[in-house]
Amino acid sequence: MARVLLDMAISLDGLVSGPGGADVGLYDWFFDPPEASRPVVEAMVAETGAIVVGRNAYGSADDAQGWDETPYDVPHVVVTHRPPAPLPAGPVRFEFVTGVPDAVARAAELAGERWVAVGGGADVARQCLAAGLVDEVQLHVVPVVVGDGLPLFVRSGRPLRLTPVRVVPAPRVTHCRYRVER
């Protein structure tokens, strides 16, 4: 059975984007990984069987058709109440599901024995955590203080206990992986 990994880049101040969703370079390391990050990136790509993203990560406009390029040749399950019309015909396989629990369940079916990665949308990530659907959390901490933007974690709900599994320091990013304690 697939396990679920929340996998996101964050700033030192815990933000996943700048104001209004602005790109602040939190994934620059991924597209040009330093030597120390390459094994982390290779493992992420090799071990991921399906990816769950929110509608805004997929594309926010009504005519959004996802994206054409990704190193992940796996199904992407999009949480949305408004799937695009027409459905995308590009090389990336997208499925559209209403509700986070159903999206994670569908992604687990598609992933088989590999990981389901929750890869986009702070809101989707928070819902997965709140519902107890996440087995591990992997944060790619970028040494920048954004100051204002969208936080990954909010100060509400139940405490989340994590046990460190791995820390990989690299130029421009530190990769931290934790097991969620139940």
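Residues numbered from 1 in each chain as written. Predicted model: local features only at pLDDT ≥ 70, side-chain atom pairs only at ≥ 80, totals over all residues. Heavy atoms only, no water.

As a further point, take the sheet that holds strand β1 (residues 4–11). A sheet is described by the order of its strands in space; here eight strands give the open sequence β5-β4-β3-β6-β1-β7-β10-β9, paired in mixed fashion. Edge positions in the sheet fall to β5 (94–97) and β9 (162–170), since each has one partner strand and no second. Each adjacent strand pair in this sheet contributes to an overall mean axis angle of 25 degrees, direction not counted. Relative to β5, strand β4 (residues 76–79) runs parallel, the two being bridged by four bridges. Bridged to Val79 within β5 is Val97. Its contacts with the sheet place helix α2 (residues 38–47) against β1, β3 (48–54), β6 (115–120), β7 (136–142), β9 and β10 (173–180), and it is angled at close to 95 degrees to β3. Against the sheet, helix α4 (residues 100–111) makes contact with β1, β3, β4, β5 and β6, and its axis sits at roughly 160 degrees relative to β3, the strand it touches most. (Pairing = 2+ DSSP bridges. Helix = DSSP H or I, 4+ residues; strand = E, 2+ residues; numbered from the N terminus. Axes fitted to C-alpha atoms, helices over the stretch in contact; angles between N-to-C directions. Contact = heavy atoms within 4.5 Å.)

Residues spaced three or four apart along an α-helix point in a common direction, a consequence of the helix completing one turn every 3.6 residues. Those residues of α2 lying buried are Val40, Val41 and Met44. Burial along α2 is one-sided: seen end-on, the buried residues are contained in an arc of 95 degrees. Opposite the packed face of α2, turned more than 90 degrees from it, sit the exposed residues Glu42 and Ala46. On its buried face, α2 sits against β1, α1 (28–31), β3, β7, β9 and β10. (Buried < 20%, exposed > 50% of the residue type's maximum accessible area, 1.4 Å probe, protein only. Arc of directions from axis to C-beta.)

With that out of the way, let us pick up helix α5 (residues 122–130). Of all the residues in α5, the buried ones are Ala122, Val124, Ala125, Cys128 and Leu129. Seen end-on, α5 carries its buried residues on one side only, within an arc spanning 160 degrees. Backbone geometry just downstream of α5 places Gly132 in the positive-phi region, at approximately 70 degrees.

Here Asp7 shows up in strand β1. At a separation of 2.5 Å, a polar atom in the side chain of Asp7 contacts the side chain of His140. Residues contacting Asp7, with those up to four places away along its chain left out, are Tyr27, Met44, Val118, Gly119, Gln138 and His140. (Polar contact = N/O pair within 3.5 Å; in protein donor to acceptor, adjacent residues only side chain to side chain.)

Here Ser37 is to be found in the loop between α1 and α2. Beyond its immediate stretch of four places on either side in the chain, Ser37 contacts Trp29, Ala170, Val173 and His175.

This next bit is on the environment of Arg161. Mapped onto the secondary structure, Arg161 falls in the loop between β8 (150–151) and β9. C-alpha of Arg161 to C-alpha of Asn56: the two residues are 105 residues apart in sequence and 28 Å apart in space. Non-local contacts of Arg161, meaning those with residues more than four positions away in its chain, are made with Arg179, Val180 and Glu181.

Applying the stated rule across the entire model yields seven salt bridges. We note a salt bridge from Arg182 to Asp135, for which the minimum N-O separation is 2.7 Å. A residue pair is termed long-range when its members are at least 10 positions apart, and Arg182 in the segment after β10 and Asp135 in the loop between α5 and β7 qualify at 47 residues. The class of Arg182 is exposed, set by a relative accessible area of 64%. Using a relative accessible area of 23% as the deciding quantity, one classes Asp135 as partly exposed. The residue Glu181 makes a salt bridge to Arg179 at a minimum N-O spacing of 3.3 Å. (Salt bridge = Lys/Arg side-chain N within 4 Å of Asp/Glu carboxyl O.)

Our focus in this paragraph is the packing of aromatic side chains. Counted according to the given criterion, the structure contains four aromatic pairs. With 6.4 Å between their ring centres and 10 degrees between their planes, Phe30 and Tyr72 make a pair best called stacked. A residue pair is termed long-range when its members are at least 10 positions apart, and Phe30 in helix α1 and Tyr72 in the loop between α3 (55–58) and β4 qualify at 42 residues. Among the residues examined, Phe30 registers a relative accessible area of 12% and is labelled buried. Each member of the aromatic cluster is reached from another via a ring pair, and the members are Trp29, Phe30, Phe31 and Tyr72. The positively charged end of Arg177 is found above the aromatic ring belonging to Trp115, 4.9 Å away from the centroid. (Phe/Tyr/Trp six-rings, centres within 6.5 Å; stacked < 30°, edge-to-face > 60°. Lys NZ or Arg CZ within 6 Å of the ring centre and 35° of its normal.)

Function cannot be read off these values alone, since they describe shape.
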